[in-house]
Amino acid sequence: MRSKIIELTKTLLLIALTCSAIYLTIVANSYYNLKLPFIDSKGEESAAVTGVNTVSEASKPVKMAVMNSYGRYAAIYSSDSVEQMYDSLGKYLGEALGTMGQAEAVQPETVMEKLSLQGIFYEFPGRIHLSALAAWLGAGLPSAAEDPAAEMFVISLDDSGETLCYRTDDGWHSCRIELRDDIAADMDIYRPNNVSFAFELARTESSFDDIEGFCLIDNQPAPPAITAQPMTAQLRETVASYLGFNPYSDSSYIEDNGDEVFTANNSMLRLETGGLLTFNAPGNGTRSISAADRVELARSALMELVSPGEARLYFAGEEYENGAYTLNFDYYVSGIRVITGSGSGAQVVVESGKITRMTVWLRSYAKTDSVESLLPAVQAAAMKDGRLEVVYTDNGADTLTAGWTAE
């Protein structure tokens, strides 16, 4: 009889321990999967999605130029130089967006003529909704203004007034604007350097005939070689935890090729050995958020995931299909775009105010003391057509060198 009681007690104790383990696993998984609003199936408001009224780090120009009383100065292939110009002259783009008049379509030749006048040229990594850009610059679009997405902007000054031109997927548009009187003084601190637009070079060099006219061309760029490192084991664990997965649960496993896979509550995370992250979660959000908040939501998540080193990760445009926005982000080192093994540096899908999918190239970049010697632009243009620029291509190597490309 006594032995039966002991056996029964052991059985009951084993059952209790098993139930306790199951309970702790559920609690742990629930903790991880409820950490972030965009993982939570309730679709609650993210703390990152708030009013935006300061210049955003999500996207800044990658090229800028000023035409002043001395001539043209352009900042190209230098993040520091472009950011210094934008810190000084970005406010005028905000003023322009905030005072836009009725816009009308114009021909590229009209914009080329305006680029010979005093003014400012801004080129962003991709098309940004005017409302988002205005919000980041502390302005707001006039109530009657349309809200297309544009990647190039030209502020021009002449005796008849001030105009803003911007390029969308439908071409160039122009409208009247009102600026403060001190813009000319702020522009005149710059002195000319040896940078031209491709349409200007095409007047004397036939090799630029097939190059997009609005490309800023530095004839002899000297970009540094850069190193690239994949994410560390510690970062992989941090990434998994941030996205709501328990890295110590039985729902994670390592495949034969070394890739790590995590699953929980119908969500899946894959961390490839080369640094590619893919994430999928149920798409059951219920909110509609603005273009600016959409970008900030995506960027706030990415900034918790990436450790880019000396690179900057900039918003590079979005596409809309079947209720989902796919936001693209690109890495830039020394103002030069990095083309990754997955194309963009990151893609984030937002549905009804919630992140449901991500593809992120988790790499850290650093400049070296070695400087690349590239073909002169005039020779590169002779072999290519389209949008001519210098890029880095990251196919997983430890060291990346720059080269000319055209798209």
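Here, every reference points to the structure presented above.
Note that the structure is predicted; figures quoted are calculated from it, not measured.

Criteria and cut-off values
Residues numbered from 1 in each chain as written. Predicted model: local features only at pLDDT ≥ 70, side-chain atom pairs only at ≥ 80, totals over all residues. Heavy atoms only, no water. Core = buried A, V, L, I, M, F, W, Y, C linked by side-chain atoms within 4.5 Å. Buried < 20%, exposed > 50% of the residue type's maximum accessible area, 1.4 Å probe, protein only. Contact = heavy atoms within 4.5 Å. Axes fitted to C-alpha atoms, helices over the stretch in contact; angles between N-to-C directions. Helix = DSSP H or I, 4+ residues; strand = E, 2+ residues; numbered from the N terminus. Nonpolar A, V, L, I, M, F, W, Y, C, P; charged D, E, K, R; others polar. Pairing = 2+ DSSP bridges. Phe/Tyr/Trp six-rings, centres within 6.5 Å; stacked < 30°, edge-to-face > 60°. Lys NZ or Arg CZ within 6 Å of the ring centre and 35° of its normal.

Some thoughts on the nonpolar core
(1) Moving on: Of all hydrophobic cores here, the largest spans 113 residues; its most connected members are Tyr122, Phe153 and Leu164.
(2) Moving on: For Tyr122, the contacting residues outside a window of four places in its chain are Pro61, Lys63, Met64, Tyr86, Leu89, Gly90, Tyr92, Leu93, Glu151, Met152, Phe153 and Ile155.

Quick look at the packing of helix 7 (residues 233-242) against helix 8 (residues 291-305)
The geometry of a pair of packed helices is captured by two quantities: the angle between their axes and the separation between those axes.
(1) Moving on: Close contact between helix 7 and helix 8 brings their axes to 9 Å; oriented N to C, the two are set at 145 degrees. The segment helix 7 lies against helix 8, with Leu235, Val239 and Tyr242 engaging Ser300, Ala301, Glu304 and Leu305.
(2) Moving on: Partitioned by chemical class, the residues of the contact of helix 7 with helix 8 number five nonpolar, one polar and one charged.

A closer look at the sheet that holds strand 10 (residues 224-230)
(1) Moving on: Ordered in space as 20-10-22, the three strands form an open sheet in which the pairing is antiparallel. Looking at which strands have only one partner, the edges of the open sheet turn out to be strand 20 (363-371) and strand 22 (399-400).
(2) Moving on: With two bridges connecting them, strand 10 and strand 22 associate as antiparallel partners. Looking at the pairing, Thr227 lines up with Thr399 of strand 22.

Brief notes about the sheet that holds strand 5 (residues 149-158)
(1) Moving on: One open sheet accounts for seven strands, arranged 2-1-4-5-6-7-3; its pairing is antiparallel. Bordering the open sheet on either side are strand 2 (71-76) and strand 3 (104-106), each of which pairs with just one other strand. Between one strand axis and the next, the sheet turns through 25 degrees on average, direction left out of account.
(2) Moving on: Relative to strand 2, strand 1 (residues 63-68) runs antiparallel, the two sharing six bridges. Opposite Asn68, over in strand 2, you have Gly71 as the bridge partner.
(3) Moving on: Where helix 2 (residues 79-98) meets the sheet, its contacts fall on strand 1, strand 2, strand 4 (118-129), strand 5, strand 6 (161-168) and strand 7 (171-177), and the angle it forms with strand 4 comes to roughly 90 degrees.

Description of the packing of aromatic side chains
(1) Moving on: By the definition in use, this model includes 14 aromatic pairs.
(2) Moving on: Consider the rings of Tyr314 and Tyr332, whose centres lie 5.9 Å apart with planes at 40 degrees: the pair is tilted. On the criterion of sequence distance, the pair formed by Tyr314 in strand 15 (residues 312-321) and Tyr332 in strand 16 (residues 324-333) is long-range, its members being 18 residues apart.
(3) Moving on: Here Tyr332 falls in the buried class, since its relative accessible area comes to 5%.
(4) Moving on: An angle of 65 degrees between the planes, with centres 5.7 Å apart, marks the rings of Phe315 and Phe329 as edge-to-face. Of this pair, Phe315 sits in strand 15 while Phe329 sits in strand 16; the two residues are 14 residues apart in sequence, bridging distant segments of the chain.
(5) Moving on: Residue Phe329 is classed as buried on the basis of its relative accessible area of 0%.
(6) Moving on: An aromatic cluster is present here, built from Phe121, Trp172, Phe197, Phe199 and Phe214 joined pairwise through their rings.
(7) Moving on: Across the ring face of Tyr70, the terminal group of Arg191 is positioned such that the distance to the ring centre comes to 3.7 Å.
(8) Moving on: We note Arg294 situated over the ring of Tyr325; from NZ or CZ to the ring centre the distance is 3.6 Å.

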